[in-house]
Amino acid sequence: MAGLRGRSVVFVLAGEVSRAERGALDLAEVFRAEGASVGVLALDDRTGRARHIAADRGIPWTSVRVPWSGGHIGKGRSLLEVTRALRAMRPDAIIASTNLPNVVTGLTWPATGARTGVWRQCDVNGTTRFSSRVFRCALHATPVVVTSAEHGRAWLASGYGLDPSRVQVIPSPVRLPSVRESGAARRERLALADDAFVCCMVAHLHAGKDHVTLLRAWRTVVTRLNGLRPTLLVAGRDAGTEGATKALACDLDLRDSVRFVGEVNDVAGLLDACDLAVFCSQRELMPSGVAEPMAAALPVVATDLPGTREAFGEADAGVLVASGDPAVLADAILRLAHDADLRRRRGAANRAAVQGRSDPETAWVGLISDALEPRRS
């Protein structure tokens, strides 16, 4: 096997900084360490955090705006622009992440000169941006399909007719960067008492997440948790529901016990300041809002979904609760709030479970190396 030395790998991204984009940039560094040249084609020409992160890491960045609008003619022009940009980058392999990059790459990669294209399925939310026919056509036209969870494979098979054997499952790595601001310092900055019970949910505020159930449960927690001064930190950027979520917090009279801290760069530091992580959602592939607190040795209470069950794996440490049930969620939070020893045991089991998982980066290097090997006739 020739490996990746001397190969050119281009990552096609939407441009926003989310778990998918961070994962792609991390993977680019892994491939570069293997001797490949790497670059990014962003389907958005605005300057954002992802571009700054790439610049800090020395990863070349090219932009082409793809509004995916204007009917067949406008979309055709977008595809032509992407094809031209990719051809100029002379890729051996093209790896896309999230819906727009996946579909656009699936429709254009054969005309770019690349030897292979990779569809990286990062969620199980579906999309209204593309018709099912276009999504299916692009998916089936992409030679390599990867997702991070077994139920992601099942979702692609049942929803879009893809042969399950064509889908590679490579779990996302869970590695928290070093803490920039200690938990004690963050608590002091947020004026949180040393003995306050601090809980967090780390997730962007959008319709797929269930902050409503979390806040309704938190109302019960605040009422019943006497003497521990409970505080909930809601971390994540606004993706459509922040205004409604803040309004609900006011309606529930939670202004003194809920902090909206926005998008957090130092996630490890935030987790270090917390006693418990909660993750409420309606659908998930493999949520970092569960996996990262596990890596930080925090106990986690999460909605019972296929993705959260896979995130916990075999660890008998996670607490799974029924979707949309504030009373059950509140009971689970209160049980952990009153038992510091139980929190420590569950947190330690979570960290051990994450540390015991296989190295996904080696799997990715092998997958792309194999895909670029000459085929024997």
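Attention here is on the structure that accompanies the text. All residue numbers refer to position in the chain's written sequence, counted from 1. Given that the model is predicted, a residue must reach a pLDDT of at least 70 before its local features are reported, and side-chain atom pairs must reach 80 or more before they are shown or counted; all residues, however, enter totals for whole chains, interfaces and linings. Side-chain figures throughout are based on the complete set of non-hydrogen atoms in the structure, without hydrogens or water.

### A short note on the overall build of the protein
- By the criteria applied, helices consist of DSSP H or I runs no shorter than four residues and strands consist of E runs no shorter than two, each listed in order from the N terminus. In terms of helices and strands, the protein carries 15 helices and 13 strands.
- For the protein, the C-alpha radius of gyration of 22 Å lies close to 21 Å, the compact-globule estimate for 377 residues.
- C-alpha atoms of the protein, sized along the principal axes, occupy 70 × 45 × 40 Å.
- For every residue, the accessible area (1.4 Å probe, protein chains only) is compared with the maximum for its type, and the residue is labelled buried under 20%, exposed over 50%, or partly exposed between those bounds. Put simply, the protein has 377 residues, and 52% of those count as buried.
- The contact rule is simple, with two residues in contact once any of their heavy atoms fall within 4.5 Å. Restricting the contact set of the protein to residue pairs at least 6 apart, pairs at least 24 apart contribute 69%.
- As presented, the protein carries roughly 16700 Å² of accessible surface, and 48% of it is formed by carbon and sulfur atoms. Just to be clear, the radius of gyration here is over C-alpha atoms, and the globule rule we use is 2.2 Å times residues to the power 0.38. What sets the accessible areas is the Shrake-Rupley method with a 1.4 Å probe; for residues, cover comes only from the shown protein chains.

### Describing the packing of aromatic side chains
- Aromatic rings from Phe, Tyr and Trp, with only the six-membered ring used for Trp, were paired whenever their centres fell within 6.5 Å, and each pair was classed as stacked if the ring planes differed by under 30 degrees, edge-to-face if by over 60, and tilted otherwise. Applying the stated criterion across every chain, the model contains 5 aromatic pairs.
- Ring geometry for Phe 135 and Tyr 160: centres 4.5 Å apart, planes at 40°, overall tilted. In this pair, Phe 135 is assigned in helix α5 (residues 132-141) and Tyr 160 in helix α6 (residues 150-160), connecting sequence segments 25 residues apart. Comparing Phe 135 with Tyr 160, the two get one shared label, buried.
- Put simply, the rings of Trp 119, Phe 135, Trp 155 and Tyr 160 pair up and form one aromatic cluster.

### Some remarks on unusual backbone geometry
- Here Arg 229, not a glycine, exhibits a phi torsion of approximately 45°, which is positive.
- You can see Arg 229 is positioned in the loop between α8 (211-224) and β9 (231-235).
- Not every positive phi belongs to a glycine, and Asp 253 is a case in point at roughly 60°.
- For Asp 253, the location among the structural elements is in the loop between α9 (242-251) and β10 (258-262).

### Some details on the side chain of Arg 186
- Mapped onto the elements of the fold, Arg 186 is located in helix α7 (residues 183-189).
- Look at Arg 186 and you get buried, because its relative accessible area is 7%.
- Contact partners of Arg 186, with chain neighbours within four places excluded, come to Glu 181, Val 264, Asp 266, Gly 269, Leu 270 and Ala 273.

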